[in-house]
Protein chains: 2
Amino acid sequence: MSFSDSLLLRNVRPLGAAPVDLLVTGDRIAAAGVALPAPAGCVVEEGGGALLLPGLVEGHTHLDKTLWGMDWYRNEVGTRLIDKIDNERAFREASRHDAAAQSLALAKDFLALGTTRLRTHVDVDTQAGLRHLDGVMRTRSTLEDLQQIQIVAFPQSGLLRRPGTAELLDDAMARGADVLGGLDPCAIDGDPVRSLDTLFGIAERRGCPLDIHLHEPGPMGAFSLELILDRAAALGMHGRVAISHGFCLGELPERERDLLLARMAKLDVALITSAPPSRNVPPLLACRQAGVTVLGGNDGIRDTWSPYGSPDMLERAMLIGMRYNLRRDDELDIALDCVTHAGARGCGFASYGLAAGDRADLVLVQAQTVAQAVVARPQRRLVVAGGRIVARDNVLLPHAVPA
Amino acid sequence: MSFSDSLLLRNVRPLGAAPVDLLVTGDRIAAAGVALPAPAGCVVEEGGGALLLPGLVEGHTHLDKTLWGMDWYRNEVGTRLIDKIDNERAFREASRHDAAAQSLALAKDFLALGTTRLRTHVDVDTQAGLRHLDGVMRTRSTLEDLQQIQIVAFPQSGLLRRPGTAELLDDAMARGADVLGGLDPCAIDGDPVRSLDTLFGIAERRGCPLDIHLHEPGPMGAFSLELILDRAAALGMHGRVAISHGFCLGELPERERDLLLARMAKLDVALITSAPPSRNVPPLLACRQAGVTVLGGNDGIRDTWSPYGSPDMLERAMLIGMRYNLRRDDELDIALDCVTHAGARGCGFASYGLAAGDRADLVLVQAQTVAQAVVARPQRRLVVAGGRIVARDNVLLPHAVPA
């Protein structure tokens, strides 16, 4: 890690553009230009014409659940959503799963691979209480200068199904969660109006943004989405509501879907997708055309739900590209956008980008074009987080992260 | 590369089973057992409890088309199948694309990552003639002791659309191609009966197996598939016909699909899939249950068609797992099967496996279970091909491959 106050990256190509030098002062990008002079005492890093990306953005993961780096978990879980929910709660209770240690292990690997902003859901339920939240808040605090972590207080076991959860969510927001989470108001809670009224009630009282998991299919999902949009409009929550998954948008007749997308765009409701290849997914290009911000995320990584996922957001961009059959170079730019600019916009991460004044979160890779970076997922030659060099060649530098 | 005649792998776990030693003599597995004695002069390799996999199998790729390792190709191609076909033929002619050099570069990377058997389609058309075939035959010959390459003579530009192609395919079989390829008899050739009669006529005359790309959707694909199965039955081609893609099987009503699957199983017609996330795909588990062998492949890798794909067949197994939502450990065994045993069976690669007498094609990875090997795609610690150590840690040893 460099403690010098300034850093000059020489000869790098921002998103594939012509080579420039980039000057970083403190935690900010100070200037970009050709043949910038190095201030006295400045650390100079030769980029060698490498491709420069802004720090990558993970829009939807579950740091608190991961078994990353642990012994292999043999998955023998049933196929229904509720099987997975109940199995996980029981497993974590029995194993005393350590959300602090596990979230830190995974967040560090995200950082080593260039992810400098990350939104994570954290389970809040009447069995674990706020234990997982406390663990992930510790990780957020450990990494605060390097990786911006947004915590969503998430009622994974349902909001109404287990009485006392609403109060816990309220406590979670008071305790320091950043975003309030919701989950399938029909399919899980069984009482969509009361569920959403309760959820939006907390959001209104706490003045916090919302991120709602909506797995519900077709017409049921559309029904819930309408209820969500009604409430977002009534409370004036423009730009403060996100829908995770939104599978129903991949299953509705085009006309009905487009009316929903138009409402979402008007309320600036973002859509967060892991682009799962085995499900119907919201149509990426149609959503963007309608003006809806679409961003990408892993969802869970190596947990009791699923063995898949990785802290490599270029891999997620590739999977998004494959899911939507993006083959042309101009289309692969969109795949990257889902884990960079659109990610930051949809989550509300400020000072994001490669312009002077933006926070200096930077990734260098050996690639000729953005498209190549997405499909080849090359080693991260250099990762700069908050102005400091924290990783080289996919490995965190010693002492990059506070002990 | 080891030139010793015998090799003892100590302490390895075949597909996750209890640790054994594995003795290799010449190009064969001689014995597997606990605490095997090392013959005099035997090279001993300590496995350290690593997971042992049989050499991986690529069931469908296009070595002749790849731009692997070349300057980035900016894809600005249209979206129709025929756009891609015409664009590629023109590009290769203009660039004098070198199928020999390119196929060798990619095949070597396949080998370094543990793929020891590989089926590749090679374009045969009236513009390039047999030029691409000659190139890939050179690669097949260069690697013959290490990697078994099956060449499919493939009429990428259609069999009937460009007169003279049938004669070229016939020449290709005489020249040394292993398998005769076909392509969408309705959608591309526009005359399914004449197209398939011509194709099966060559197969009958040459006594060669068939591998037919069938992209045609729903009822059109089912129609073509019936015509194919009729001819396979009439000519007694049991176990000698494979269908690549077969997207229609993912789009038909269950009853109709199951009748087709039953016919395929009866004729032992294999199904080869790249499990594309953006298309309807044949249902893996239903196919297996019906008795149809399903195997996996990349399809093209980094070519003018698509920027995706990689010579890592564990990654392909992961993508198959994700496409079919295989999450349980017992399901991930199936994903691996698609790039190992089912792959070898479907392509007809002989002496495949981890038993005494099988060809010694072996891969060691640091993983606790098969499921972990699929989702984590760990480095190939050791690759043995035809009894020789050819790669360590994803890198070919110097002189492993003849110059």
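Residues numbered from 1 in each chain as written. Chains lettered and ligands numbered in written order. Predicted model: local features only at pLDDT ≥ 70, side-chain atom pairs only at ≥ 80, totals over all residues.

A.B. asks: Teacher, can you tell me more about the overall build of chain A here?
C.D. replies: The secondary structure content of chain A amounts to twelve helices and 16 strands. For 403 residues, the compact-globule estimate of 2.2 N^0.38 gives 22 Å, and the C-alpha radius of gyration of chain A, at 21 Å, lies within 12% of that figure. Along the longest, intermediate and shortest principal axes, the C-alpha atoms of chain A span 65 × 50 × 40 Å. Across chain A, contacts joining residues at least 24 apart in sequence account for 75% of those joining residues at least 6 apart. (Helix = DSSP H or I, 4+ residues; strand = E, 2+ residues; numbered from the N terminus. Rg over C-alpha atoms; globule rule 2.2 N^0.38 Å. Contact = placed C-beta atoms within 7 Å.)

A.B. asks: Would you explain unusual backbone geometry in this entry?
C.D. replies: Glycine aside, negative phi is the norm for most residues, and most peptide bonds take the trans geometry. All names here are of chain B. Phi angles above zero are rare outside glycine, and Asn325 is one such case at about 55 degrees. Position of Asn325 relative to the elements: it lies in the loop between helix 9 (313–323) and helix 10 (329–337). Judged by C-beta crowding, with 15 C-beta atoms within 10 Å, Asn325 ranks as partly exposed. Phi is positive for His399, close to 70 degrees, though the residue is something other than glycine. In this fold, His399 is placed in the segment after strand 16 (395–396). Using a count of 10 C-beta atoms within 10 Å as the deciding quantity, one classes His399 as exposed. (Buried ≥ 20, exposed ≤ 12 C-beta atoms within 10 Å, placed from the backbone.)

A.B. asks: Looking at this structure, I do not really get the sheet that holds strand 8 (residues 179–183) of chain A. What am I missing?
C.D. replies: Each strand in a sheet pairs with another by means of backbone hydrogen bonds, the pair being arranged parallel or else antiparallel. Residues and elements named next belong to chain A. Here eight strands make up an open sheet; going across it, the order is 5-6-7-8-9-10-11-12 and the pairing parallel. Because the sheet does not close on itself, it has two edges, and the strands there are strand 5 (56–61) and strand 12 (294–296). Here the strands of the sheet are splayed against their neighbours by 25 degrees on average, with no regard to which way each runs. Pairing between strand 11 (residues 270–273) and strand 12: three bridges, direction parallel. Along strand 12, the bridge assignment pairs Thr273 with Gly296. Sitting on the sheet, helix 5 (residues 192–206) touches strand 8 and strand 9 (210–214), and the angle it makes with strand 8 is about 175 degrees. (Pairing = 2+ DSSP bridges. Axes fitted to C-alpha atoms, helices over the stretch in contact; angles between N-to-C directions.)

A.B. asks: So what exactly am I meant to see when it comes to the packing of helix 9 (residues 313–323) of chain A against helix 10 (residues 329–338) of chain A here?
C.D. replies: For any two helices packed against each other, one specifies the inter-axial angle together with the distance between the axes. Residues and elements named next belong to chain A. Close contact between helix 9 and helix 10 brings their axes to 8 Å; oriented N to C, the two are set at 130 degrees. One element, helix 9, and the other, helix 10, form an angle in the oblique class. Seen along the crossing, helix 9 lies across helix 10 with a hand that is right-handed. Of the residues in helix 10, those touching helix 9 at Ala317, Ile320 and Gly321 are Leu332, Ala335, Leu336 and Cys338. Residues that form the contact of helix 9 with helix 10 fall into these classes: six nonpolar, one polar and no charged. (Parallel < 35°, antiparallel > 145°, perpendicular 65-115°, else oblique. Left-handed = near helix turned anticlockwise from the far one by under 90°. Nonpolar A, V, L, I, M, F, W, Y, C, P; charged D, E, K, R; others polar.)

A.B. asks: Can you walk me through the environment of Gly114 of chain A in this structure?
C.D. replies: All names here are of chain A. Mapped onto the secondary structure, Gly114 falls in the loop between helix 2 (99–112) and strand 6 (115–123). In this structure Gly114 comes out as buried when scored by C-beta crowding, with 29 C-beta atoms within 10 Å. Each C-alpha atom of the pair Gly114 and Asp312 lies 7.9 Å from the other, and the pair is 198 residues apart in sequence. Among residues more than four places away in sequence, those in contact with Gly114 are Gly55, Leu56, Val363, Arg380 and Val383.

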